[in-house]
Amino acid sequence: MSANDPFRATRALFDLPEGVIYLDGNSLGALPKGVSARVSEVIANEWGRELIGAWNSAGWVDLPRRVGDRVGRLIGAPEGTVVMGDTLSIKVYQALAAALDLVPQRRVILSDTGNFPTDLYMAEGLIASLGRGHELRVVEPEAVEAAIEENVAAVMLTQVDYRTGRLHDMAALTAKAHAAGALAIWDLAHSAGALPVDVAGAKADFAVGCTYKYLNGGPGAPAFIYVAPHLAESARPALSGWFGHEAPFAFEPAYRPAAGVERMRVGTPPILALAALDAALDVWDGIDMETVRARSIQLGELFIRAVQAAVPGLELASPKGPAARGSQVSFRHADGYAVMQALIAEGVIGDYRAPDIMRFGFTPLYLGEDEVRRGAAILADILTTGRWDTPEFRRRNKVT
Ligand SMILES: *Cc1c(COP(=O)(O)O)cnc(C)c1O
């Protein structure tokens, strides 16, 4: 790293255990140093001293919208079009329900096999609740474009495949969806904070994502939802909770949706989690996503080259060209779980996704070339010596 390297400064903003090479920021981002102090302060001074008054005095009530604007800046969403809350699964449900309601004469939800299971599960559950004969059509990622036909109501995709890192062309597929009269819903779970995203430029109708991956908001951090401004006043919230009401404190017996994206709020916002996320987002101040992308590609390529030079037989599960990948690299190995446990035991943390994927995430804000080189060397050494093959490393934990 050179002296004017912007990532020298961001690395210092993170609290990482000594000696650990963290290649799992795509699953749970590292802890920004400012988070603990901020959360403590909210607990002690706002909750502790101001009690219920803090909803007004500390601005708690507007936090989902204010933090939403900060996330919005990272995904190309104009001010006032993103709101925070709940989990990503819930936000997927809300976006899909609203989309299906906006295209009532069509019955097909198009997705792909690279989508994260919960997105597909939520679609299944919604279809059953609606009881209107919708069909979830799941095709191979390469077949999505051709499958966008006149009967499709919504194209629901995750931009970056959680297993392989394969990247969809959001603008092109959205344009294709619109040309066919369908709406486009994008899950940005592995995109926000990983690469430049422009939801407005790509004309996405809805976008959702979580904030505990590349945005470092902490385990279970609240998710975000973006609704395109031209749809925000007509989108009907399926989860019509009181915080998405036009006047929650009028306590009216009937629901009236709030203006714009605020209608996608549901219940009382998780203030402590939002405070943690708000503090975590400080690390992005002044950071240019194009610079992050360039470094992420450099780190990913370095890792692939180093691993493949030492273990030529190991199969790359990710697209070969960096332009077709998000910010992760995956390799296939039949005993990927045990290999990953051996790697973790030696301080190199990645993760495993069934049935045979070893995933490695690249997070330039707190990960440098030296660590990537060392991580690759340790992986290569574990594979060549076979020291991963023990009963202990094969024993499965609940979370892989
Ligand atoms: C991580 C991830 C999720 C997780 O959903 P939660 O409700 O936050 O548990 C959902 N979808 C995708 C595409 C993901 O990558």
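Residues numbered from 1 in each chain as written. Predicted model: local features only at pLDDT ≥ 70, side-chain atom pairs only at ≥ 80, totals over all residues. Heavy atoms only, no water.

What's the story with the domain arrangement of the protein chain in this structure? I'm lost.
Reports of interface size often rely on the accessible area that becomes lost once the parts have come together. Here the domain parsing of the protein chain yields domain 1 (8-32 + 288-394) and domain 2 (59-284). Once you take the C-alpha centre of each, domain 1 and domain 2 turn out to be 29 Å apart. Facing the 33 residues of domain 1 at the interface are 23 residues of domain 2. Inspection of the region where domain 1 meets domain 2 yields zero salt bridges. Put simply, the parts of the chain that give the side of domain 1 that touches domain 2 at least two residues each are helix H11 (289-310), strand S12 (328-332) and strand S15 (357-361). Per-element tally for the side of domain 1 that touches domain 2: the top contributor is H11, with four residues. Classifying every residue of the side of domain 1 that touches domain 2 by side-chain character gives 17 nonpolar, 11 polar and five charged. (Domains from an automatic or database assignment. Contact = heavy atoms within 4.5 Å. Salt bridge = Lys/Arg side-chain N within 4 Å of Asp/Glu carboxyl O. Helix = DSSP H or I, 4+ residues; strand = E, 2+ residues; numbered from the N terminus. Nonpolar A, V, L, I, M, F, W, Y, C, P; charged D, E, K, R; others polar.)

Which parts of the structure should I look at to understand the pattern of salt bridges?
Pairs may arise between side chains of opposite charge once their charged atoms sit close together. The tally for this structure, following the rule as stated, stands at 29 salt bridges. Among the ionic pairs, aspartate 161 bridges to arginine 166, the shortest N-O distance being 3.4 Å. By relative accessible area, which is 5% here, aspartate 161 ends up buried. The partner of arginine 263 in a salt bridge is glutamate 233, and the shortest N-O contact between them spans 3.4 Å. With arginine 263 in the loop between helix H9 (229-232) and helix H10 (271-280) and glutamate 233 in the loop between H9 and H10, this residue pair connects regions lying 30 residues apart in the sequence. Arginine 263 sits in the buried class, given a relative accessible area of 6%. Bridged by salt links that share partners, the residues Arg38, Arg66, Arg70, Asp278, Asp282 and Asp285 form one connected network. (Buried < 20%, exposed > 50% of the residue type's maximum accessible area, 1.4 Å probe, protein only.)

Would you explain the pairing of strand S10 (residues 224-227) in this entry?
One face of the sheet, then the other: side chains in a regular strand alternate in exactly this way. Neither face of S10 is exposed, since Phe224 and Tyr226 on one face and Ile225 and Val227 on the opposite face are all buried. Where strand S4 (residues 82-84) and S10 come together, three bridges link them in antiparallel fashion. Note on S10: the bridge partner recorded for valine 83 is isoleucine 225. Two elements, strand S9 (residues 206-209) and S10, share four bridges in a ladder whose sense is antiparallel. Looking at the pairing, phenylalanine 206 lines up with valine 227 of S10. (Pairing = 2+ DSSP bridges.)

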